[in-house]
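These are the residues of each chain, in order.
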Amino acid sequence: MTETAITTRGLSKHFGDLVAVDAVNLDIPRGQIYGFLGPNGSGKTTTIRMLCGLLTPTAGDVEVLGLEIPAAAEALRRRIGYMTQKFSLYDDLTVVENMQFMARIHGLPRQQANQRIAELLDRYTLQTMRGRRAAAMSGGQRQRLALAVATLHSPDLLFLDEPTSAVDPENRRDFWEKLFDLVDEGKTVLVSTHYMDEAERCHQLAVLETGSLRRQGPPAQLMAALDQRVIEIRGADLRRVKASALQLPEVQSAAQQGMQLRILLTADAANGAIERLRQQLHYPSLEFNVTRPSLEDVFVDCTQGDALR
Ligand SMILES: Nc1ncnc2c1ncn2[C@@H]1O[C@H](COP(=O)(O)OP(=O)(O)OP(=O)(O)O)[C@@H](O)[C@H]1O
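Model, not experiment: these values are computed from the prediction. (Residues numbered from 1 in each chain as written. Predicted model: local features only at pLDDT ≥ 70, side-chain atom pairs only at ≥ 80, totals over all residues. Heavy atoms only, no water.)

Peer 1: Got a sec to walk through the overall build of the protein chain? Specific residues and values, please.
Peer 2: Per the secondary structure count, the protein chain includes eleven helices and 14 strands. Across the 309 residues that make up the protein chain, the buried fraction comes to 51%. Taking as baseline every contact in the protein chain between residues at least 6 positions apart, the subset at least 24 positions apart corresponds to 69%. Carbon and sulfur atoms make up 47% of the accessible area of the protein chain, which amounts to about 14800 Å² in all. The centroid of the 35 positive side-chain charges in the protein chain is displaced by 4 Å from the centroid of its 38 negative side-chain charges. (Helix = DSSP H or I, 4+ residues; strand = E, 2+ residues; numbered from the N terminus. Buried < 20%, exposed > 50% of the residue type's maximum accessible area, 1.4 Å probe, protein only. Contact = heavy atoms within 4.5 Å. Areas by Shrake-Rupley, 256 points an atom, 1.4 Å probe, with all protein chains shown as cover. Lys, Arg positive; Asp, Glu negative; His and termini not counted. Charge placed at Lys NZ, Arg CZ, Asp CG, Glu CD.)

Peer 1: Tell me about the sheet that holds strand β4 (residues 59-64), and please be specific about residues and values.
Peer 2: Across the sheet, which stays open at both edges, the four strands sit in the order β2-β1-β4-β5 with antiparallel pairing between neighbours. Both edges of this open sheet fall to β2 (18-29) and β5 (67-69), since each of them pairs with a single strand only. Here the average twist between neighbouring strands, direction ignored, is 20°. By the bridge criterion, three bridges tie β4 to β5 in an arrangement that is antiparallel. Across the sheet, the residue bridging to Glu63 is Glu68, located in β5. Against the sheet, helix α1 (residues 44-52) touches β1 (4-15), β2, β4 and β5, its axis set at about 120° to β1. (Pairing = 2+ DSSP bridges. Axes fitted to C-alpha atoms, helices over the stretch in contact; angles between N-to-C directions.)

Peer 1: Residue-level account of the site of the ligand, with values.
Peer 2: By nearness alone, 13 residues border the ligand, and Gly41, Lys44, Thr45, Thr46 and Glu162 come closest of all. Measuring from an oxygen atom of the ligand, one finds a side-chain N or O atom of Asn40 at 3.0 Å. Interatomic distance of 2.9 Å between a side-chain N/O atom of Lys44 and an oxygen atom of the ligand. Compared with its free state, where it exposes 640 Å², the ligand has 61% of that area covered by protein. Every element with two or more residues in the shell around the ligand is listed here: β2 and α1. Tallied by class, residues from the shell around the ligand come to four nonpolar, seven polar and two charged. (Near = heavy atom within 4 Å. Polar contact = N/O pair within 3.5 Å; in protein donor to acceptor, adjacent residues only side chain to side chain. Nonpolar A, V, L, I, M, F, W, Y, C, P; charged D, E, K, R; others polar.)

Peer 1: Any details on a negative patch on the surface? Residues and values, ideally.
Peer 2: Together, Asp168, Glu170, Asp174, Glu177, Asp181 and Asp184 make up a negatively charged patch on the protein surface. Here Asp181 shows up in helix α6 (residues 169-184). (Patch = residues over 30% accessible without salt bridge, like charges linked within 9 Å, V, L, I, M, F, W, Y side chains within 5 Å. Salt bridge = Lys/Arg side-chain N within 4 Å of Asp/Glu carboxyl O.)

Peer 1: Pulling in residues and values, what's your account of the domain arrangement of the protein chain?
Peer 2: By a widely used convention, the size of an interface equals the accessible area lost when the partners come together. Partitioning the protein chain into domains gives domain 1 (4-216) and domain 2 (227-292). Summarising the inter-unit geometry, the C-alpha centres of domain 1 and domain 2 are found 40 Å apart. (Domains from an automatic or database assignment.)

Peer 1: Tell me about the packing of helix α3 (residues 95-105) against helix α4 (residues 110-123), and please be specific about residues and values.
Peer 2: Relative orientation of the contacting elements α3 and α4 amounts to 135°, with a least axis distance of 10 Å. Classified by the angle their axes make, α3 and α4 are oblique. Every pair of crossing elements has a handedness; the one defined by α3 and α4 is right-handed. Contacts between α3 and α4 involve Val95, Val96, Met99, Gln100 and Ala103 from the first element and Ala113, Ile117, Leu120 and Leu121 from the second. A class-by-class count of the residues in the contact of α3 with α4 yields eight nonpolar, one polar and no charged. (Parallel < 35°, antiparallel > 145°, perpendicular 65-115°, else oblique. Left-handed = near helix turned anticlockwise from the far one by under 90°.)

Peer 1: Please provide a residue-by-residue account of the pattern of salt bridges, values included.
Peer 2: On inspection of all chains with the given rule, the structure shows 17 salt bridges. Here Arg214 and Glu209 are joined by a salt bridge, their closest N and O atoms 2.8 Å apart. Judged by its relative accessible area of 16%, Glu209 is buried. Connected via shared salt-bridge partners are Arg215, Arg229 and Asp301.

Peer 1: Could you give an account of the packing of α3 against helix α5 (residues 139-150), with specific residues and numbers?
Peer 2: Orientation of α3 relative to α5, taken along the N-to-C sense of each, is 25°, at an axis distance of 9 Å. The angle between α3 and α5 falls in the class roughly parallel. As for the relative orientation of α3 and α5, their crossing is right-handed in sense. On the side of α3, the interface is formed by Val95, Asn98, Met99 and Met102, while α5 contributes Leu145, Ala148 and Val149.

As structure tokens, this is what we get:
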């Protein structure tokens, strides 16, 4: 059995003149959490829908769990779960009714369905609210129910499209622990997000921008590639320092974080940058330090700083 869950070559989708996904090559390993990180409109949902077989690519090859997609989309459907961005539950149905409904869609025999529902109520701590309507649940509870429903038929591969947008940090953390449990059981999870903290939890990431794949790799590796390019400046008058810094050709972006100004240098400016910045920024008593790159720096680097400048 192949160790790759998803492979694409030249995957593209055009909507009229708009290139939503542009010649994307992906190699997504089995048994990992793989993240799509990108701003709004970067093509995350469109890519996921093509990988699920819900949308036909304009060009390119797709293989998912050894199946050629979209040709074998029907066979794939039984082996994947998909939690969509818009909440995929019926508000007027209770927790158990939502699960029973999905069990019927997947054609699970009644006894097997009941057993699986009991297991999932337990696993996602939904026992006490089994009779509650989905509309009357909190964001975190609804999200746990959505995950239970998406995994009801025990899929090998799970697609989650921005799953934690309506969830507080504690519930988000909890939700990710559940994802790692699934991975521990051999499942593969593909998750799209624009939250840096979520992206950092993934085993591997693809950074997308305007339909193109800008970077691919483990978060730590993507951050390490920016070594020596992130400088923190402390001192007075940081708004004016920022405006001056942005005039310098070696400064790709600048953003204030509390008492510091965080500067991302262009790739060819790293060597000796602090000395040059010190000479060029004529403000008294500024303190300069090279600092550890964050995933946000990677994101800014990929999007050329335009989004956050
Ligand atoms: N059915 C469609 N018809 C025309 N354009 C579309 C269609 N679906 C998506 N697009 C366009 O394709 C581009 C990529 O959209 P997509 O929804 O894949 O991005 P995304 O990264 O998932 O964004 P978001 O984070 O906002 O969900 C956008 O410019 C969007 O407007």
